[in-house]
Amino acid sequence: GVVSQKQSFGYTIYDTIKALDQAGEWFKDRAANTLYYQVAPGQDPNNMEIEFKRRDYAFDVRGRDYIQLKGLTLRGAGIYTDGATDYNVYQGLKIYGYDRGNVGRMWLSGSNNTLRDSEVSQSWGSVATVSGSGHRIVNNYLHDIGYGGTARVLTMSGDAHLVSRNTVSRIARSFLDGFPNRSEFSYNLFEDGARLSWDTGFFDGDAGRGNGGRCIV
């Protein structure tokens, strides 16, 4: 398996069948294309309903505008957008366990899209990669982010974004990576960051290198 270690705070181990020792845990052997599942004592897997995902993205809204996705629960899959996706609203969502190897991640591209009043957790990498202009990320609960150890909650570029009134907790590294321009970060609550990394800060931007800037924090 793979070990990700941070001094004084322990380590994580993943991608090994040897860690499969508790009921409800699973391991996929990619080379053998075999899925292993640990049942509880007395359970018969032949009598159980075991579900797994069939695709990386729950919704593909590339090139689509004025779409509203509300009140949905997504497990292991994100929302696929592109530079021609504008004025969409993603509200009241619960999104769990996606973005392994940057596949399934939410992409806020295009312009004037909104992610609000949602909960995102158990993400391997970032909650979202943000580009384009005028996006709003408001009143979300973002927690347990970045099992890979190096991910930021948001990877941002573009301009005129609003990130406000979010609660962010239990994250592997930092909240922000990138170089947004003319954007506002206000009234957010940050706690329990840098769980798997020393080399970080909650805002790990690149404005000091001449990229982006003129933001309100």
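Right, let's walk through the structure included here. (Residues numbered from 1 in each chain as written. Predicted model: local features only at pLDDT ≥ 70, side-chain atom pairs only at ≥ 80, totals over all residues. Heavy atoms only, no water.)

## Thoughts on the pairing of strand β4 (residues 34-37)
- Pairing geometry for strand β3 (residues 26-29) and β4, over four bridges, is antiparallel. Pairing of Trp26 across the sheet is with Tyr37, part of β4. (Pairing = 2+ DSSP bridges. Helix = DSSP H or I, 4+ residues; strand = E, 2+ residues; numbered from the N terminus.)

## Considerations on the pattern of salt bridges
- Taken as a whole and judged by the stated rule, the model has seven salt bridges.
- Across the pair Asp15 and Arg30 runs a salt bridge whose closest N-O atoms are separated by 3.9 Å. Pair noted here: Asp15 is in the loop between β2 (11-14) and β3 and Arg30 is in the loop between β3 and β4, with a separation of 15 residues, a long-range link.
- Note that Asp144 is salt-bridged to Arg170, the shortest N-O span being 2.8 Å. Here Arg170 lies in strand β19 (residues 167-171) and Asp144 lies in strand β16 (residues 141-145), a separation of 26 residues in the sequence. (Salt bridge = Lys/Arg side-chain N within 4 Å of Asp/Glu carboxyl O.)

## Thoughts on the sheet that holds strand β15 (residues 136-138)
- Judged by pairing direction, the sheet is parallel, and its six strands sit side by side in the order β6-β9-β12-β15-β18-β21 without closing on themselves. At either margin of the open sheet sits one strand with a lone partner, and together these are β6 (68-70) and β21 (184-186). Here the strands of the sheet are splayed against their neighbours by 5° on average, with no regard to which way each runs.
- With three bridges connecting them, strand β9 (residues 89-91) and strand β12 (residues 114-116) associate as parallel partners. Paired with Val89 across the two strands is Thr114, which belongs to β12. (Axes fitted to C-alpha atoms, helices over the stretch in contact; angles between N-to-C directions.)

## Some remarks on unusual backbone geometry
- Notably, Gln122 is not glycine yet its phi reads approximately 60°, a positive angle.
- Locating Gln122 in the fold gives a position in strand β13 (residues 119-123).
- Relative accessible area serves as the criterion here: at 38%, Gln122 is assigned to the partly exposed category.
- Of note in the backbone geometry, Asn139 takes a positive phi value of approximately 60° without being a glycine.
- Following the sequence through the fold, Asn139 ends up in the loop between β15 and β16. (Buried < 20%, exposed > 50% of the residue type's maximum accessible area, 1.4 Å probe, protein only.)

## Observations concerning the sheet that holds strand β7 (residues 73-75)
- On the basis of which strands lie adjacent, the open sheet formed by six strands has the order β7-β10-β13-β16-β19-β22 and parallel pairing. Each end of this open sheet is capped by a strand with a single partner; those strands are β7 and β22 (189-191). Going across the sheet, the axis of each strand differs from the next one's by a mean of 5°, ignoring polarity.
- Strand direction decides the pairing type here: strand β10 (residues 94-96) and β13, joined by three bridges, are parallel. Bridge pairing links Lys94 to Glu119 in β13.

## Some words on the nonpolar core
- Counting 29 residues, the largest nonpolar core has Ile79, Tyr90, Met106, Val127, Val153, Leu154 and Phe175 as its most contacted members.
- Sorting the residues of this core by element identifies β11 (106-108), β14 (128-130), β16, β17 (154-156) and β19 as the ones contributing at least two each.
- If we skip the residues at most four places from it in the chain, Val153 touches Ser126, Val127, Ala128, Leu142, Ile145, Val168, Ile171, Ser174 and Phe175. (Core = buried A, V, L, I, M, F, W, Y, C linked by side-chain atoms within 4.5 Å. Contact = heavy atoms within 4.5 Å.)

## Considerations on the side chain of Ser118
- Along the chain, Ser118 turns up in the loop between β12 and β13.
- If we skip the residues at most four places from it in the chain, Ser118 touches Tyr90, Gln91, Gly92, Leu93, Asn139, Asn140 and Tyr141.

## Topic: the packing of aromatic side chains
- Taken as a whole and assessed by the stated rule, the structure comprises four aromatic pairs.
- Ring plane angle 15° and centroid distance 4.3 Å describe the contact between Tyr57 and Tyr80, whose orientation is recorded as stacked. With Tyr57 in strand β5 (residues 57-60) and Tyr80 in strand β8 (residues 78-80), the pair connects residues that are 23 residues apart, well separated along the chain.
- Assessed through its relative accessible area of 18%, Tyr57 is described here as buried. (Phe/Tyr/Trp six-rings, centres within 6.5 Å; stacked < 30°, edge-to-face > 60°.)

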